[in-house]
Amino acid sequence: MNMQDIGLRISELRKQRDMTQLELADKMGVSYQAVSSWERGSTMPDISRLPEISQILEVSIDQLLGNGAQTEIVKNILNQQTDVYTDESKPQIQDIAEIAHMLKPSQIDQLVERADPKGISIGELVGFAPFISKEALSQLAMKAEDAGDISGLCSIAPFLDRKTLDRIAMNVYNIGDIGNLCSLAPFLSKEVLNELALKINEIEGIGALSGIAPFISKKTLGQLAMKAIDSGDIHELYGIAPFLDKELLSELILKASAGN
């Protein structure tokens, strides 16, 4: 459901009835700037105003919005029939996402509860995130994450609850994709970051922690640094040195010097 297409349709229907933008605005009780914005495709009318626009322009909702699954969703909402979906006929997440900018968060949440999340990827939730509640978005993200699709995770991280993001982040590392952890780190809990740090250190060494070092607890970072010194891996500490306590750093330098 393209805003530009709908705006053009409103413009053409208005002109067919020899009506100015101001006249349409007066009939609806809105400013002519609002009508102009609709027709340019910059904004969309509130979903509750669609029946009124249709009546004034003497067309059906289908003629105004175009045929398709997204229009059916809008019509069901206008008729207060968000419960019409069955297991055999569920709204698709992609269709809900396309019209999310027109809906209230509560309406989106109700549709998401009835939707078929099969095949949804986190990347497809990016444009959806600002319009949906944190709880509903987290529910979708968890289902997408179960399919192993983590594209776009960093883009929706600010909109997810921390518990969900923590779980996804652990799986991100488990499936071998740690490139996103640096961007995700500000949104993760300290507990999960510490756990991830231990795993990464065990497999890749302390040098791999430089990107997330500012977010790891100083205690955990210090313990790993001491372990690196004991193992003779002092060169691995260069990337995390700025994030260590000064006293600990001095102790590590002395210990490394004594070892040499």
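Before reading further, recall that the structure is shown in the block above.
As a starting point, this report considers the structure included with it. Note that the coordinates shown come from a computational prediction; the quantities given were computed from them, not determined experimentally.

## Topic: the overall build of the chain
- Per the secondary structure count, the chain includes 15 helices and zero strands.
- The burial tally for the chain puts 43% of its 260 residues in the buried class.
- Restricting the contact set of the chain to residue pairs at least 6 apart, pairs at least 24 apart contribute 57%.
- About 13,500 Å² of surface is accessible on the chain, with carbon and sulfur atoms providing 48% of the total.

## Regarding helix α3 (residues 32-40)
- When α3 is considered as a whole, its buried residues turn out to be Val-35, Ser-36, Ser-37, Trp-38 and Glu-39.
- Gly-41 occupies a position one or two residues after α3 and carries a positive phi of about 80°.

## Quick look at helix α6 (residues 69-78)
- Gln-70, Thr-71, Ile-73, Val-74, Asn-76 and Ile-77 are the residues of α6 that are buried.
- Each element contacted by the buried residues of α6 is listed here: α4 (50-57), α5 (61-65), α7 (93-98) and α8 (105-114).
- Note on α6: the residue one or two positions beyond its end, Gln-80, has a positive phi of about 55°.

## Things to note about the nonpolar core
- Among the nonpolar cores identified, the biggest contains 76 residues, and Leu-64, Phe-128, Leu-209 and Ile-240 are the most heavily contacted of them.
- Element by element, the count of residues in this core is highest for helix α9 (residues 134-146), at six residues.
- Ignoring any residue separated from it by four or fewer positions in sequence, one finds Leu-209 in contact with Ala-197, Ile-200, Asn-201, Ile-216, Leu-224 and Ile-240.

## Some words on unusual backbone geometry
- In this model, Asp-18 sits at a positive phi of 55°, which is unusual for a non-glycine residue.
- Considering the arrangement of structural elements, one finds Asp-18 in the loop between α1 (3-16) and α2 (21-28).
- Since its relative accessible area comes to 70%, Asp-18 is described here as exposed.
- For Glu-58, which is not glycine, the phi torsion reads 60° and is therefore positive.
- With respect to the helices and strands, the residue Glu-58 is situated in the loop between α4 and α5.
- Judged by its relative accessible area of 62%, Glu-58 is exposed.

## Here's the deal with the pattern of salt bridges
- Scanning the model with the defined rule gives four salt bridges in all.
- Arg-14 is the partner of Glu-39 in a salt bridge, and the nearest nitrogen-oxygen pair spans 2.6 Å. One end of the pair, Glu-39, is in helix α3; the other, Arg-14, is in helix α1, with 25 residues separating them in the sequence. Pair check on accessibility: Glu-39 and Arg-14 agree, each one buried.
- Taking the shortest distance from any N to any O, the salt bridge between Lys-75 and Asp-62 comes out at 2.9 Å. With Lys-75 in helix α6 and Asp-62 in helix α5, this pair connects stretches of sequence that are 13 residues apart.
- With relative accessibility at 22%, the residue Lys-75 sits in the partly exposed group.
- The network of salt bridges with common partners includes Asp-62, Glu-72 and Lys-75.

## Some words on the environment of Ala-225
- Tracing the sequence through the fold places Ala-225 in helix α14 (residues 218-230).
- Along the primary structure Ala-225 and Leu-244 are separated by 19 residues, whereas in three dimensions their C-alpha atoms are 8.6 Å apart.
- In this view, Ala-225 contacts Ile-206, Leu-237, Ile-240, Leu-244 and Leu-252; residues no more than four positions away in its chain are not counted.

## Here's the deal with the packing of α1 against α3
- For the pair α1 and α3, interaxial distance at closest approach is 6 Å and the crossing angle is 120°. Relative to α3, the element α1 lies oblique. The residues of α3 that touch α1, namely those facing Met-3, Gln-4, Gly-7, Leu-8, Ile-10, Ser-11 and Arg-14, are Trp-38, Glu-39 and Arg-40.
- Split into classes, the residues belonging to the contact of α1 with α3 amount to four nonpolar, three polar and three charged.

## As for the side chain of Ser-217
- Examined against the element boundaries, Ser-217 turns out to sit in the loop between α13 (190-204) and α14.
- There is a polar contact of 2.9 Å between the side chain of Ser-217 and the side chain of Thr-220.
- Not counting residues up to four positions away in its chain, the partners in contact with Ser-217 are Lys-190 and Asn-194.

Cut-offs and rules
Residues numbered from 1 in each chain as written. Predicted model: local features only at pLDDT ≥ 70, side-chain atom pairs only at ≥ 80, totals over all residues. Heavy atoms only, no water. Helix = DSSP H or I, 4+ residues; strand = E, 2+ residues; numbered from the N terminus. Buried < 20%, exposed > 50% of the residue type's maximum accessible area, 1.4 Å probe, protein only. Contact = heavy atoms within 4.5 Å. Areas by Shrake-Rupley, 256 points an atom, 1.4 Å probe, with all protein chains shown as cover. Core = buried A, V, L, I, M, F, W, Y, C linked by side-chain atoms within 4.5 Å. Salt bridge = Lys/Arg side-chain N within 4 Å of Asp/Glu carboxyl O. Axes fitted to C-alpha atoms, helices over the stretch in contact; angles between N-to-C directions. Parallel < 35°, antiparallel > 145°, perpendicular 65-115°, else oblique. Nonpolar A, V, L, I, M, F, W, Y, C, P; charged D, E, K, R; others polar. Polar contact = N/O pair within 3.5 Å; in protein donor to acceptor, adjacent residues only side chain to side chain.

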